[in-house]
Amino acid sequence: GNPNPGGNNAPIAFDITRTLPEDSAPIPVNVPSPTDQDGDSLTIQITEIPSTIGEVLLNGQPLVVGQFITLAQLAQLQFRPLPNANGIDDLAYI
């Protein structure tokens with residue numbers, strides 16, 4: 001059931017962790033799409049991008065903080081690691 005009858009419920013997003021091979025070609029990020037209990041359409045705004053070990057690409061172009069993307073575009077994101085990079089980095093959106 002609806003946990004907030006008569007109101008608007010927050011969308012549900014997912015935290016994920018990916019382990020990627022060093023020096024690989026761009027590979028899909030495979031971020032699960034957020035869902036909305038109320039059936040509202042969702043737009044995604046990028047709030048943090050990787051800054052130390054690579055970059056996230058959409059159609060071959062790097063994402064930028066503040067960029068808006070659709071759910072379909074979220075499914076198309078790829079990560080391109082920097083040469084010889086290893087470690088942990090983050091991609092965040094609202």
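Draft legend 1. The arrangement of the environment of Pro-21 in detail. Of note, Pro-21 is situated in the segment before strand E1 (27-28). Sequence separation between Pro-21 and Ala-85 is 64 residues, and the spatial gap between their C-alpha atoms is 9.8 Å.

Draft legend 2. Fine view of the confidence of the model for the protein chain. The predicted model of the protein chain averages 82 in pLDDT, with 90% of residues at 70 or higher. Of all helices and strands in the protein chain, the one with the weakest mean pLDDT is strand E7 (residues 92-93) (74), whereas strand E4 (residues 61-62) scores best (94).

Draft legend 3. The arrangement of the sheet that holds strand E6 (residues 78-81) in detail. Read from one edge to the other, the open sheet built from four strands follows the order E1-E6-E3-E4, with strand pairing classed as antiparallel. Since the sheet does not close on itself, it has two edges, and those belong to E1 and E4, each with one partner.

Draft legend 4. Molecular detail of the pairing of E6. Burial along E6 is one-sided: the residues Phe-79 and Pro-81 are buried and none of Gln-78 and Arg-80 is. The pairing of E1 with E6 spans two bridges and is antiparallel. The residue of E6 that forms the bridge with Ile-27 is Phe-79.

Draft legend 5. Focus on the sheet that holds strand E5 (residues 68-69). Strand order across the open sheet formed by three strands is E5-E2-E7, with antiparallel pairing between neighbours. Each end of this open sheet is capped by a strand with a single partner; those strands are E5 and E7. Bridge analysis of strand E2 (residues 44-48) against E7 gives two bridges, and the strand direction is antiparallel. The residue of E7 that forms the bridge with Ile-46 is Tyr-93.

Draft legend 6. Geometry of the pattern of salt bridges. For the structure on display, the rule yields one salt bridge. We note a salt bridge from Glu-55 to Arg-80, for which the minimum N-O separation is 2.3 Å. On the criterion of sequence distance, the pair formed by Glu-55 in strand E3 (residues 54-58) and Arg-80 in strand E6 is long-range, its members being 25 residues apart. Given the relative accessible area of 32%, Arg-80 is considered partly exposed.

Draft legend 7. A look at the nonpolar core. The biggest cluster of nonpolar side chains holds 14 residues, and the ones touching the most others in it are Leu-63, Ile-69, Leu-74 and Leu-77. Of all the secondary structure elements, the ones that give two or more residues to this core are E2 and E3. Each residue touching Leu-77, except ones within four places of it in the same chain, is listed here: Ile-27, Pro-28, Val-29, Val-56, Leu-57, Leu-58, Leu-63, Ile-69 and Leu-91.

What counts, and at which threshold
- Residues numbered from 1 in each chain as written.
- Predicted model: local features only at pLDDT ≥ 70, side-chain atom pairs only at ≥ 80, totals over all residues.
- Heavy atoms only, no water.
- Helix = DSSP H or I, 4+ residues; strand = E, 2+ residues; numbered from the N terminus.
- pLDDT = per-residue confidence, 0-100.
- Pairing = 2+ DSSP bridges.
- Buried < 20%, exposed > 50% of the residue type's maximum accessible area, 1.4 Å probe, protein only.
- Salt bridge = Lys/Arg side-chain N within 4 Å of Asp/Glu carboxyl O.
- Core = buried A, V, L, I, M, F, W, Y, C linked by side-chain atoms within 4.5 Å.
- Contact = heavy atoms within 4.5 Å.

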